[in-house]
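# Topology and contacts: notes
Residue-level listing of the chains:
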Amino acid sequence: MAIIEIREISKVYRLGEIAVNALNAVTLSIERGEFAAIMGPSGSGKSTFMNILGCLDKPTSGGYLLEGADVSGLKRDDLAAIRNKKIGFVFQGFNLLPRTSAIENVELPMLYNGVSIKERRGRAEAALGKVGLSGRGNHHPSQLSGGQQQRVAIARSLVNDAPIILADEPTGNLDTKTSAEVMELFVKLNTESNITVILVTHEHDIAAYSRRIIKFLDGNIVSDEPKTKT
Amino acid sequence: MINIPSTIKISFRSLRVNKMRSGLTMLGIVIGVGAVITMIAVGTGASQRIEEQISSMGSNLLMILPGATTAGGVRMGMGTQPTLSMGDAEAIQKECASVSYVAPNLGGVTQVIYGSQNWSTGITGTTPDMLYVRDWTLSQGRPFAEEDVRNASKVCMPGQTVVDNLFGNENPIGQIIRIKNVPFTVIGVLDKKGQSPTGQDQDDTIFIPVTAAQKKIFGTAFPGMVRIIMVKAKSMEDLYTAEKEITELLRQRHRIGDRQDNDFTVRNLTQAMQASEQSGKIMTLLLGAIASVSLLVGGIGIMNIMLVSVTERTREIGIRMAVGARTWDIRLQFIIESLILSLIGGAFGIIAGIAGSKMLSMLAGWPTIVSPLSISLAFGFSGVVGIFFGFYPAYKASLLDPIDALRYE
Ligand SMILES: Nc1ncnc2c1ncn2[C@@H]1O[C@H](COP(=O)(O)OP(=O)(O)OP(=O)(O)O)[C@@H](O)[C@H]1O
Ligand SMILES: [Mg+2]
């Protein structure tokens, strides 16, 4: 069974008289443990698609089965619970809480699912360890480099043992070397922990870390193929 | 499954980030709570003083004065026509079942001398029962007896003010004072009573046997004349009956025809006092209500700041939603924040209120009483204000769209 099963999903934004078709009946399925890259020109609907995958947004029409369960009709709070347990987000701008230590940023998702204070600390430290930041827990985001901040964000996405990580241009704000380190981290999480990773990127170098490349154009998937070994 | 302790921790942190702003917002509540506590303290103090003065008058009192009450309620020449007598007092004591004690009063202001000291004070010529009528006791010595009244003995019981002015630190018992040049032996000293509800010093008086006042000091228009008769009813419920019984009895004794007006007036002191007691309570309520307005203004300040805070932290809200915060997680976070602001403000407001009350007492000399009830009331009210004015900003925050919030710059 596919972990993500998307059927004919459309998203229409209405701006007064004009309707923007951000997604046109997109159908896609992704198996557990896949590492997929989404590519495409600006405005082709990649972020819109990721937001729907991440249950941050609802499609205008179409069906979405996540781990076999229909999530397209769920209410706000139910979607929040799914984001909490099943999905880890990694954003281009890191999106860490300012003036909050790294460890507390990593603990954040556990605030919303009743993990005890003691267990939270332990799990957050373990997650920081996985991304190679043990000992940096007390640093605030402003005291960390971009790559380190992005690794804190990845630790945050891991802490609830979510089976899926969605990353929208995770290396967009990073230099080449740091990008490579972050990408190797994703590869490690994908191969060692069998986490399904889906990321959006403009760069072929980054897409090269994945094993499947999905190309978007004007709200449609125009190609979807395993990475060709070059 | 909402995590209250962590939410409280988060709230404290975000309040600390903007110390100045949080402090100023709290100040509104500090002032509000302080004002409520101070105003209630002023009101309670005033009511308490009224109550004390009322109880110092003695309970269940009726006062009978000579002179008529016209139909319009205006008393004509009250206390001027000598119409009341010792006989009236004795008859009331004997005939009226609802009356427990009766004491006549014939007096006036005159000079008293002890050694080289002299003092002008009110003389109260009366009977031993006056002490029961007025719920008055002695601090020293013994009261005069029925026998002293029968013999018009020259014995007296000065009040504390008189003792202080004539004797200083000397023991007054057994000493002789001259009232209008007539020597009187001090046999007892009246306990301190303080001010009457009308502001008179009740201790500035000397009790002497009514007969001595009649024969040796003031003289009378007719034998046995008294100015006032004080009556104590058996109970609060008996006051009305006593008033009726006395009126009937005196009309009969004074031979007043069916069509004629009374030549005396029965005044119900207790009722009049209760009215002023009531107005004291109403004043407390009013003061408290006015002060609450400033607490409301403080609450609006909190709401204002919380709205600003929600806007500033839109992105934070988006992040929290993205990692799984539900509607009530977000709402509670902001409500708790606003509640913390108002409760800390409330705590400081209690201190401010107590300090303010003390200052008013010291500087203006007003009696103030800070009651635990007013403290818990004001503190509780500040909590309610925090939740109430925090709710709308919290509600707004919880309705944000996660994607818009995440994109917010
Ligand atoms: N909230 C919105 N309201 C209206 N139109 C929107 C909104 N969000 C996206 N769109 C439109 O939907 C289309 C797809 O946008 P989307 O952000 O998914 O593109 P993208 O592929 O992520 O682009 P980029 O590579 O620049 O991030 C665009 O035409 C965009 O203008
Ligand atoms: Mg995008």
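Residues numbered from 1 in each chain as written. Chains lettered and ligands numbered in written order. Predicted model: local features only at pLDDT ≥ 70, side-chain atom pairs only at ≥ 80, totals over all residues. Heavy atoms only, no water.

### Observations concerning the sheet that holds strand β5 (residues 69-70) of chain A
Residue and element names in this part refer to chain A. On the basis of which strands lie adjacent, the open sheet formed by 4 strands has the order β2-β1-β4-β5 and antiparallel pairing. The open sheet terminates on both sides in strands that have one partner only, identified here as β2 (18-30) and β5. Pairing of strand β1 (residues 4-15) with β2, which is carried by 9 bridges, proceeds in the antiparallel orientation. Paired with Ile4 across the two strands is Ile30, which belongs to β2. In the packing of helix α1 (residues 46-53) onto the sheet, contacts are made with β1, β2 and β4 (61-66), and the angle to β1 comes to roughly 120°. (Pairing = 2+ DSSP bridges. Helix = DSSP H or I, 4+ residues; strand = E, 2+ residues; numbered from the N terminus. Contact = heavy atoms within 4.5 Å. Axes fitted to C-alpha atoms, helices over the stretch in contact; angles between N-to-C directions.)

### Let's talk about the site of ligand 1
Every one of the 15 residues lining ligand 1 counts as a neighbour, but Ser42, Gly43, Lys46, Ser47 and Thr48 of chain A are closest to it. Those residues lying near ligand 1 are distributed over chains A and B. At 3.1 Å, a side-chain N or O of His202 of chain A approaches an oxygen atom of ligand 1. At the level of elements, β1, β2 and α1 of chain A are the ones that each hand at least two residues to the shell around ligand 1. (Near = heavy atom within 4 Å. Polar contact = N/O pair within 3.5 Å; in protein donor to acceptor, adjacent residues only side chain to side chain.)

### Some thoughts on the pairing of β4 of chain A
Every regular strand shows the same layout, with side chains that alternate between the two sheet faces. Residue and element names in this part refer to chain A. Sheet analysis places β1 next to β4, joined by 5 bridges and oriented antiparallel. For Ser10, the partnering residue across the bridge sits in β4 and is Ser61. Examined bridge by bridge, β4 and β5 share 2 bridges and lie antiparallel to one another. Bridge assignment links Leu65 to a residue of β5, and that residue is Asp70. Hairpin geometry of β4 and β5 is characterised by an intervening segment of 2 residues between the two adjacent antiparallel strands and by a positive phi of about 50° at Glu67.

### A few points about the packing of helix α3 (residues 86-95) of chain B against helix α8 (residues 238-253) of chain B
All names here are of chain B. Their axes nearest at 10 Å, the elements α3 and α8 cross at an angle of 135°. For the element pair α3 / α8, the angle class is oblique. Where α3 crosses over α8, the handedness of that crossing is right-handed. Residue-level contacts link Gly87, Asp88, Ala91, Ile92 and Glu95 of α3 to Ile246, Leu249, Leu250 and Arg253 of α8. (Parallel < 35°, antiparallel > 145°, perpendicular 65-115°, else oblique. Left-handed = near helix turned anticlockwise from the far one by under 90°.)

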